[in-house]
Every structure is written in structure tokens, then in C-alpha cells.
Amino acid sequence: MKKETVFDLIGVGFGPSNLSLAVRLAEESGASNRKHCYIERQPEFGWHRDMLLDDCRMQISFLKDLVTQRDPTSRFTFINYLFERGRLNEFVNLKNFYPTRVEFHDYLSWVAQAFDDRVHYGQSVTAIEPVFEANGDVNALRVVSQDEDGREWRRVTSALSVGVGGTARVPEPFASLGPHNVIHSSAYLSSIERVAGDDRNGKKRIAVIGAGQSAAEVFTDLTRRFPHVDATLVIRASALKPADDTPFVNEIFSPEFTDVVYSQTEDGRRSLIERFRDTNYAVVDRPLIEQIYEMLYLQKVSDDTRHRLLANTGIENTARRANGEIELTMRDMLTGHAHAERFDALVLATGYRRDTHLALLDGLAPHLDDALAQRSVGRDYRLVTPANFKARIYLQGCCEESHGLSDTLLSVLAVRSDEIAASLADAGQDNAATRAADAKQTGVSGGRVAVAL
Ligand SMILES: Cc1cc2nc3c(=O)[nH]c(=O)nc-3n(C[C@H](O)[C@H](O)[C@H](O)COP(=O)(O)OP(=O)(O)OC[C@H]3O[C@@H](n4cnc5c(N)ncnc54)[C@H](O)[C@@H]3O)c2cc1C
């Protein structure tokens with residue numbers, strides 16, 4: 001038997017969600033007593049690095065940074081970042097609330113640096129296991145991770161915050177093609193040179209699949225960066241549609257709106273989310289739509305229509321030809337006419353799945369009744385667990401169905417981390433009482449338990 005430190009909180013993933021929580025916990029009074037650490041599979045902090053395209057802007061005001069809505073006096077505001085970087089006045093002169101993603105990435109990295117001693121970078125969490133007490137209760141969880149050298153790490157915690165983001169969604173007709181010259185937008189920058197960079201064999205035909213912001217950004221990037229690439233954007237919709245970011249609609253991303261969504265019946269939530277889907281899914285920022293339209297128009301002026309937008313187009317079948325080309329069978333959804341076309345490569349901007357946490361928590365499923373399957377999550381983002389399962393599991397970024405469209409975005413991060421911290425503080429009080437009672441019975445004390453490695 002070896003003694004393991006029991007953490008008060010382990011965060012799985014160190015993206016903006018858990019970063020915001022780390023800031024919140026660091027800023028709470030008496031913070032020095034709380035033991036929290038984070039496990040992140042990337043070798044260093046990175047926020048969607050593979051989509052940090054030139055000129056791409058945030059789709060959210062810089063005032064919705066990691067802290068301002070909770071505490072504008074925090075040292076981790078975007079404004080203080082600008083100040084410390086010596087760019088505050090120039091930023092003001094830009095008169096723009098929407099920084100580039102490159103700059104926001106730099107802001108997030110600047111905040112993350114302050115937590116370097118709490119983050120285990122380069123480790124992937126592979127399993128979460130229950131730690132049973134003699135009476136069958138589960139007061140703690142063991143977090144198993146693997147580092148880049150294949151070494152396994154085990155840590156024990158009384159609370160877990162899962163903030164693992166999304167996983168690339170690859171719809172079936174494309175999954176069977178395999179990865180050769182088929183990339184998902186989430187791997188765009190690190191893969192596109194390999195796929196499109198070589199111009200020795202003349203022109204390359206690349207199809208971008210999807211009708212959302214990432215698809216439009218990738219399409220534009222291909223047309224600008226690779227003179228030998230003919231890019232085709234394939235969308236099922238009849239047109240690229242603008243994201244509705246008008247002020248009344250934007251109120252659905254206010255922290256208060258989470259209560260409105262959460263208090264609905266299941267049907268009510270579904271209908272609310274459906275009604276506002278066009279704020280986030282399969283929509284594009286209006287200026288980018290206008291840029292694409294103008295680019296296609298200017299091609300017509302110069303009678304050189306290399307790049308195309310194929311609207312109303314469903315992809316029915318895919319096949320890999322002997323020379324490596326990819327054949328897409330496409331159907332015009334207005335005329336019903338089908339035709340096949342070959343491409344040298346595909347970029348799938350087909351979005352993200354939000355079910356990664358299910359695989360991660362699978363080892364706990366037999367002890368959670370049906371909480372995972374039924375997605376039973378409290379307003380405080382805590383998974384509802386049976387009475388004997390006292391370890392706390394908080395879910396961030398996978399509660400859209402219960403907490404609304406802002407859940408997968410940056411919109412409510414500052415307030416969400418505050419709500420989770422408050423819930424953890426309640427748990428701290430419960431745990432102190434339970435630990436005192438347990439210590440009486442078992443003689444274990446001081447926040448450390450003996451567990452087998
Ligand atoms: C290109 C792009 C642009 C976007 N722009 C905006 C925007 O402008 N405004 C907005 O509000 N939202 C935007 N979003 C939405 C986005 O989801 C949020 O900005 C934000 O990234 C959510 O933070 P997160 O921490 O929940 O998830 P993520 O940022 O995805 O972070 C999750 C982290 O968990 C790590 N991880 C995953 N699995 C494991 C594991 N098993 N072990 C260890 N670590 C793991 C990942 O490496 C990652 O670092 C954008 C999304 C994309 C893809």
C-alpha cells in the first residue's frame with residue numbers, strides 16, 4: 001500500500017473551460033487549501049491551433065473572456081492582457097470588439113502560463129475508475145492517464161471536471177475512405193501542406209464539405225493560399241446562411257439564459273435550441289459570406305471560374321479510385337440529377353461530436369444507475385449520481401441539451417466556472433463533515449487515503 005494524495009479537483013482537458021475554472025479557483029478566498037490539477041493531452045496549451053487561420057476573427061466579444069462577466073477586476077481579463085502586452089491603446093484604436101483568433105489564442109496562452117505548475121501537459125486521460133470505500137461508497141475517483149512515452153499515471157480526486165471539448169465528426173460516406181488525403185478541419189493547418197502543398201503535378205482539386213463557419217474559412221484559405229488548387233465548396237443547403245448575431249437573439253448567450261433553458265421540460269429545451277440553431281450551426285459570419293460571393297463574382301469577370309460553390313448538393317456515395325483520387329457521387333437536390341466527380345483531396349468541415357465524455361466515464365457507468373445514458377446533469381453541471389456515489393463529476397461543454405447553446409461556446413465560461421466553484425465549495429463543507437465521521441470510524445484523516453497503486 002502506498003499513500004496517494006487525494007486532489008479536491010482534477011480537470012480533464014485544459015481548454016478554455018477548465019482554464020476558466022482554474023482561474024476561478026485560484027481567485028477564491030482561501031484558495032491555497034484547495035488541491036487542484038489538470039491533465040491535458042497536448043504538449044502545451046493550444047486552442048484549436050489547426051484553425052488559427054490568418055484574419056479569422058472571434059465570434060464573440062472580447063468582453064466575454066475567461067473572467068470579465070464574473071469579475072472585471074481580475075488580473076486575467078483580456079484588457080489586462082492587452083495592457084501587459086503593451087497594445088491596449090492600439091487595440092482601442094481598432095474599434096473592434098472581435099479580436100483575431102490568433103490574438104485570442106495568445107490571450108488564452110498568457111492566462112494558461114500562470115497555471116503551468118498545475119497542468120500535466122502531454123498526458124491523455126484514458127480511464128476514470130471508482131475508488132470504493134469498505135462500505136461500498138464511492139467518495140473518490142482514480143484518474144488514469146498516459147504520457148507521450150507510454151508511462152501510466154494515476155491520481156485520485158474527490159471531484160472531476162470533464163472539459164474535453166468535441167471530437168471530429170466524420171459522417172459515414174467519408175469514414176470508409178480512410179485518412180489518405182481526407183482531413184477534418186480540426187487538423188487543417190497541420191495537414192493541408194501535405195495534402196495540397198505540392199504543385200509539381202499541376203492543379204489539385206480539393207472539395208470542402210460543410211456549410212458552417214469552418215467550411216467557409218477553409219474554402220477561403222485554400223483559394224488564397226494555393227494558386228494551383230481549384231477549390232469546391234459542397235453544401236446541402238441552398239445558400240450559405242448568415243449567423244444571426246443580432247442583439248435580441250444574442251441574449252440567448254447571456255449567463256441568465258441558462259436558467260431559462262434549464263427550467264424547461266425536455267421538449268421545451270429541445271424546441272428552444274432548435275429555434276436558435278442558426279446562431280451557431282451551419283451558418284457563417286456575414287462579412288465572410290460577402291467575401292466569398294465577391295471572389296466568385298470576380299472569377300466570372302475574368303472568365304476564370306476555378307473555384308465553385310455547389311449548393312443544394314447531397315453527397316450520396318464516395319469511392320477511392322486506384323490512382324488515389326476520391327470520387328464523390330453528388331445529387332442536385334432540386335433537380336434530382338446525380339453526377340460523379342473526382343477530387344485529389346477532401347476537407348471535411350463536418351463539425352464535432354460532443355460525446356467524448358461518455359467513453360471516458362464508461363468505467364463508472366455500472367455504478368451510476370442510468371445517469372450517463374440519460375444525461376442527468378444538475379443546474380450546477382454536476383452529473384446526478386446515486387446516493388452512495390459521492391465523488392463529484394462536473395461536465396463542461398457536453399450539456400447543450402440541458403443548459404443550452406452557450407454550453408459548447410465561450411459565452412458563459414466565466415459564470416459557469418463560478419457556479420461550479422460554488423458547488424465544489426458546498427461539497428467541501430459536506431466532505432469535511434463526512435471526513436470527520438469517517439476518520440472517527442476508520443482512523444484515516446488529513447485528506448489522504450490509502451489506496452492500492
Ligand atoms: C475553429 C473554432 C473556432 C471557435 N471559435 C469560437 C468563438 O469565436 N467563440 C466561441 O464562443 N466559441 C468558439 N468555438 C467553440 C469552442 O468549443 C470553444 O471556443 C472552446 O474551445 C470550448 O472550450 P473547452 O475547454 O470546453 O474545449 P476545447 O477547447 O476543445 O478543449 C478541450 C481540451 O481537452 C483536451 N483533451 C481532450 N481529451 C482529452 C483527454 N482524454 N485527456 C487529456 N486532455 C484531453 C484537448 O486536447 C483540449 O485541449 C470555436 C470552435 C472551433 C473549433
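What counts as what
Starting from 1, residues in each chain are numbered consecutively following that chain's sequence as written. The predicted origin of the model limits local features to residues at a pLDDT of at least 70 and limits the giving and counting of side-chain atom pairs to 80 or more, whereas totals for whole chains, interfaces and linings rest on all residues. Heavy atoms throughout the structure, all of them, feed into the side-chain values; hydrogens and water do not. Where helices and strands are cited, they refer to DSSP runs of H or I of at least four residues and of E of at least two residues respectively, numbered from the N terminus. Put simply, the radius of gyration uses C-alpha atoms, and a globule should come to 2.2 Å times the residue count raised to 0.38. The rule is simple: take the accessible area with a 1.4 Å probe, protein chains only, and divide by the maximum for that residue type; under 20% is buried, over 50% is exposed, in between is partly exposed. Every residue pair with non-hydrogen atoms within 4.5 Å of one another is taken to be in contact. Computed with the Shrake-Rupley method and a 1.4 Å probe, the accessible areas treat only the protein chains shown as cover for residues. A residue counts as positive if it is Lys or Arg and as negative if it is Asp or Glu; His and the chain ends are not included. Here the site of a charge means atom NZ of a Lys, CZ of an Arg, CG of an Asp or CD of a Glu. Paired strands, as defined in this entry, are two strands with at least two bridges between them according to DSSP. In this description, a line fitted to the C-alpha atoms serves as the axis of each element, helices being fitted only across the stretch in contact, and the angle between N-to-C directions of two axes falls anywhere from 0 to 180 degrees. Salt bridge, as applied in this entry: a Lys or Arg side-chain nitrogen positioned within 4 Å of an Asp or Glu carboxyl oxygen.

Counting its secondary structure elements, the protein contains 15 helices and 20 strands. Radius of gyration (C-alpha) of the protein: 24 Å, near the 22 Å computed for a compact globule of 453 residues. Its C-alpha atoms give the protein principal-axis dimensions of roughly 85 × 55 × 45 Å. Counting all 453 residues of the protein, 49% fall into the buried class. Of the contacts made within the protein by residues no fewer than 6 positions apart, 71% connect residues no fewer than 24 positions apart. Looking at the protein as shown, the accessible area adds up to about 22,200 Å², and 50% of this sits on carbon and sulfur atoms. Averaging the coordinates of the 53 positive side-chain charges in the protein and doing the same for the 64 negative ones gives two points 2 Å apart.

This part is about helix 2 (residues 78-85). Those residues of helix 2 that fall on the buried side of the exposure criterion are Phe78, Asn80, Tyr81 and Leu82. If you follow the buried residues of helix 2, they end up packed against helix 3 (88-94) and helix 4 (101-113). Gly86 occupies a position one or two residues after helix 2 and carries a positive phi of about 75 degrees.

Now for the sheet that holds strand 16 (residues 338-343). Pairing within the open sheet is antiparallel, and its three strands lie in the order 14-15-16. In this open sheet, the two strands that pair with only one neighbour each are strand 14 (313-320) and strand 16. The average undirected angle you get between the axes of adjacent strands in this sheet is 25 degrees. With seven bridges joining them, strand 14 and strand 15 (residues 326-332) adopt antiparallel strand pairing. Its bridge partner being in strand 15, Asn317 is matched across the sheet by Thr329.

Overall, the coordinates contain 33 salt bridges when judged by the stated rule. As a salt-bridge pair, Asp230 and Lys203 come within 3.9 Å of each other at their nearest N and O atoms. In this pair, Asp230 sits in strand 12 (residues 229-234) while Lys203 sits in the loop between helix 6 (188-196) and strand 11 (204-209), placing the two residues 27 residues apart along the sequence. On the accessibility criterion, Asp230 (15% relative accessible area) is buried. Between Asp230 and Arg306 there is a salt bridge, and its shortest N-O distance comes to 3.1 Å. Of the two residues, Asp230 is situated in strand 12 and Arg306 in the loop between helix 11 (286-301) and strand 13 (308-310); the sequence distance between them amounts to 76 residues. Sharing partners across several salt bridges, the network here consists of Arg205, Arg321, Glu325, Glu327, Arg342 and Asp344.

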